[in-house]
Amino acid sequence: MCKATILLIVGIFAAVQAVPYTYDAEYTWVTGNLSVAVPANAVIGGFDPYGYYTYVGRVAYSSNILPARVVAETGIAHFNTATISHKLVNYHLLVTQSNVTFEWIRSFDGYQEKNAISVGTTGWNERVFICRAKADGGLLIGTLFRSKQTCIIKSDDLPLRQFDKYETLVARKNVC
Ligand SMILES: *[C@@H]1O[C@H](CO)[C@@H](O)[C@H](O)[C@H]1NC(C)=O
Ligand SMILES: *[C@@H]1O[C@H](CO)[C@@H](O)[C@H](O)[C@H]1NC(C)=O
């Protein structure tokens, strides 16, 4: 039996100086697009207003690495910056690994959860984290900049939403 304990290790990764516009390498991400089958261990993170489940993804856009909500059926990664929404057809999908368990926990105000999962860094050298909230008829994965202290979600042409209470994705280390 495997028992999960909260990973409280700050880790060497967090201590390492972040480099601008770089993918985070702490967890496993798989390159994807519509012509590639979604890995069986890809992580579902919510659902969109159209009834599709969305996978936890990330994209490189305008010198930033950003979280994305990926719809497997369409091969589209929906994502947003702090101001606009956008779509891309090439993305990375987060996949599970045997020694950690991913979990959504409640958080607030950009609080630095020590075991939060980063997608990478922005062009201004800030780590970007994954959040989600109920918005616009879905449970939408959004973008968490600690400097903005909110979970920012923008879905298509709908207004930009900012949540000071949201869920964020963290990793628990599996201890056997
Ligand atoms: C889709 O991803 C695969 C695997 O990374 C890659 O070989 C292929 O060129 C990609 N296709 C497109 C259209 O980007
Ligand atoms: C999990 O295993 C991978 C591959 O062996 C390793 O790189 C990583 O550091 C491990 N993570 C934790 C939290 O133990």
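Our structure's up above, just so we're on the same page.
Rules used throughout
- Residues numbered from 1 in each chain as written.
- Chains lettered and ligands numbered in written order.
- Predicted model: local features only at pLDDT ≥ 70, side-chain atom pairs only at ≥ 80, totals over all residues.
- Heavy atoms only, no water.
- Salt bridge = Lys/Arg side-chain N within 4 Å of Asp/Glu carboxyl O.
- Helix = DSSP H or I, 4+ residues; strand = E, 2+ residues; numbered from the N terminus.
- Buried < 20%, exposed > 50% of the residue type's maximum accessible area, 1.4 Å probe, protein only.
- Core = buried A, V, L, I, M, F, W, Y, C linked by side-chain atoms within 4.5 Å.
- Contact = heavy atoms within 4.5 Å.
- Phe/Tyr/Trp six-rings, centres within 6.5 Å; stacked < 30°, edge-to-face > 60°.
- Lys NZ or Arg CZ within 6 Å of the ring centre and 35° of its normal.
- Near = heavy atom within 4 Å.
- Polar contact = N/O pair within 3.5 Å; in protein donor to acceptor, adjacent residues only side chain to side chain.
- Areas by Shrake-Rupley, 256 points an atom, 1.4 Å probe, with all protein chains shown as cover.
- Nonpolar A, V, L, I, M, F, W, Y, C, P; charged D, E, K, R; others polar.
- 1 Å grid on protein atoms, 1.4 Å probe; cavity = no way out; pocket = protein on both sides within 12 Å on 5 of 7 lines; lining within 4 Å.
- Points joined across faces, edges and corners; volume = space filled by probe spheres on them.

J.: Got a sec to walk through the pattern of salt bridges? Specific residues and values, please.
T.: Considering all chains together, one arrives at 6 salt bridges under this definition. Lys 87 is paired through a salt bridge with Asp 156; the nearest N and O atoms lie 4.0 Å apart. Of this pair, Lys 87 sits in strand β7 (residues 85-88) while Asp 156 sits in the loop between β13 (150-153) and β14 (161-163), placing them 69 residues apart in sequence. A relative accessible area of 45% means that Lys 87 is categorised as partly exposed.

J.: Describe the nonpolar core, naming the residues involved and giving the relevant values.
T.: Grouped together as the largest cluster of nonpolar side chains are 29 residues, with contacts concentrated most on Val 56, Phe 102 and Ile 130. Those elements that place two or more of their residues in this core are β4 (53-61), β5 (64-71), β6 (76-80), β8 (91-94), β9 (100-108), β11 (127-135), β12 (138-145) and β15 (165-175). When residues of this core are assigned to their parent elements, the largest contribution, 4 residues, is made by β5. Residues in contact with Phe 102, not counting those within four places in the same chain, are Tyr 27, Val 43, Leu 94, Val 95, Thr 96, Ile 117, Leu 169, Val 170 and Ala 171.

J.: Can you explain the packing of aromatic side chains? Please cite residues and give values.
T.: All told, the structure shown has 4 aromatic pairs when counted by the stated rule. Seen from their ring centres, Trp 124 and Phe 145 are 5.5 Å apart, and the 50° between their planes marks the pair as tilted. Placement of the pair is Trp 124 in the loop between β10 (118-121) and β11 and Phe 145 in strand β12, with a sequence separation of 21 residues. Above the plane of the ring of Phe 129 lies Arg 146, whose end atom (NZ or CZ) is 3.8 Å from the centre.

J.: Give a detailed account of the site of ligand 1, specifying residues and quantitative values.
T.: Residues in close proximity to ligand 1 include Thr 31, Asn 33, Val 36 and Asn 90, which together make up its full environment. Within the contact set of ligand 1, an oxygen atom lies 2.3 Å away from a side-chain nitrogen or oxygen of Asn 33. In this structure, Asn 90 approaches ligand 1 through a side-chain N or O atom, which is 3.2 Å from an oxygen atom. Here ligand 1, which alone exposes 360 Å², has 36% of that area covered by the protein. Per-class residue counts for the shell around ligand 1 are 1 nonpolar, 3 polar and no charged.

J.: Break down the site of ligand 2 for me, citing the residues and quoting the values.
T.: Around ligand 2 sit Gln 97, Asn 99, Val 100 and Lys 173, and that is every residue in its neighbourhood. With respect to ligand 2, the side chain of Asn 99 contributes an N or O atom lying 2.3 Å from an oxygen atom. Relative to its free-state accessible area of 360 Å², ligand 2 is covered by the protein chains to the extent of 40%. Each residue belonging to the shell around ligand 2 can be placed in one class, and the counts come to 1 nonpolar, 2 polar and 1 charged.

J.: Any chance you could break down the side chain of Arg 132 for me, citing the residues and the numbers?
T.: Relative to the assigned elements, Arg 132 resides in strand β11. With relative accessibility at 13%, the residue Arg 132 sits in the buried group. Within polar-contact distance, the side chain of Arg 132 engages the backbone oxygen of Gly 45 at 2.8 Å. A distance of 2.7 Å separates a polar atom in the side chain of Arg 132 from a polar atom in the side chain of Glu 167.

J.: Mind laying out empty space enclosed by the protein, listing which residues take part and the relevant values?
T.: Throughout the structure, instances matching the rule amount to 2 cavities of 30 Å³ or more. By volume, the second largest cavity is sized at about 40 Å³. In this structure, the second largest cavity is lined by Val 30, Thr 31, Gly 32, Asn 33, Val 36, Ala 37, Val 38, Pro 39, Tyr 91 and Leu 93. Elements that contribute at least two residues to the lining of the second largest cavity include exactly β2 (29-32) and β8. Element by element, the count of residues in the lining of the second largest cavity is highest for β2, at 3 residues. For the lining of the second largest cavity, a count of residues per class yields 7 nonpolar, 3 polar and no charged.

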